[in-house]
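# Examination of the molecular architecture
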Amino acid sequence: GDSVTQMEGPVTLSEEAFLTINCTYTATGYPSLFWYVQYPGEGLQLLLKATKADDKGSNKGFEATYRKETTSFHLEKGSVQVSDSAVYFCAPDNYGQNFVFGPGTRLSVLP
Amino acid sequence: DGGITQSPKYLFRKEGQNVTLSCEQNLNHDAMYWYRQDPGQGLRLIYYSQIVNDFQKGDIAEGYSVSREKKESFPLTVTSAQKNPTAFYLCASSIDAGTEQYFGPGTRLTVT
């Protein structure tokens, strides 16, 4: 079945550092790809998405590029802030099978 | 404002009691989902429904039940058969299956 592998956390960075959270997936067909973010005690929010190969999703300074050849969708941000501290989930979305979330990567940003 | 509401935010029950968690959406979405999240872990799918009066088991359906009598509502019952019910429960909806999901704020259930 479909699966997602994310880099293990927690990831601890200083403010203004560069962030990369790796995500690779296996899925049937050509899924849309999503990153969700979860702040403490809350539900998940969609952060960004990409629907086809080479698409770049972006939001709030975060970016991720759909790499079909490496089946990857790594999340990046050039300069993190304390307010970015959260858990980040990668999720491939194949029609009718959008049920596979990665284990989540906890990010802590220190002032 | 459109969105998904879950109530209550915190719920406490004694072991052996059934408990029902509420999930309502006014986004006019066809598909709805229930997930369970344990501390430090990802989401696991309990049940999902792609249309009114129809639902399917997810990966961990044992000890849970759902109904989908109305498009906007998808309540989850945690039965006494669920061996480890204490967890954070998240409800989500999407326009249809396979599109981006919108999540509620979650219900934290504690069973003692």
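Check the entry above for the structure.
Being a predicted model, the structure only gives us computed values, none of them experimental.

This part takes up the packing of aromatic side chains. Going through the model one piece at a time under the given rule, you end up with 11 aromatic pairs over all chains. Ring geometry for Tyr-47 of chain B against Phe-55 of chain B: centres 5.9 Å apart, planes inclined by 80°, an arrangement best described as edge-to-face. Judged by relative accessible area, Tyr-47 of chain B falls into the buried class, the value being 7%. Among the residues examined, Phe-55 of chain B registers a relative accessible area of 36% and is labelled partly exposed. Measuring from ring centre to ring centre gives 5.9 Å for Tyr-64 of chain B and Tyr-89 of chain B, while their planes differ by 65°; the resulting arrangement is edge-to-face. Here the residue Tyr-64 of chain B occupies a position in strand 7 (residues 64–66), and Tyr-89 of chain B occupies one in strand 9 (residues 87–94), the gap between them amounting to 25 residues. When sorted by exposure, Tyr-64 of chain B lands in the same class as Tyr-89 of chain B, which is buried. One aromatic cluster in this structure is built from Phe-34, Tyr-36 and Phe-101 of chain A together with Tyr-33, Tyr-35 and Phe-103 of chain B.

Scoring rules and cut-offs
Residues numbered from 1 in each chain as written. Chains lettered and ligands numbered in written order. Predicted model: local features only at pLDDT ≥ 70, side-chain atom pairs only at ≥ 80, totals over all residues. Heavy atoms only, no water. Phe/Tyr/Trp six-rings, centres within 6.5 Å; stacked < 30°, edge-to-face > 60°. Buried < 20%, exposed > 50% of the residue type's maximum accessible area, 1.4 Å probe, protein only. Helix = DSSP H or I, 4+ residues; strand = E, 2+ residues; numbered from the N terminus.

The analysis is restricted to geometry; functional conclusions fall outside its scope.
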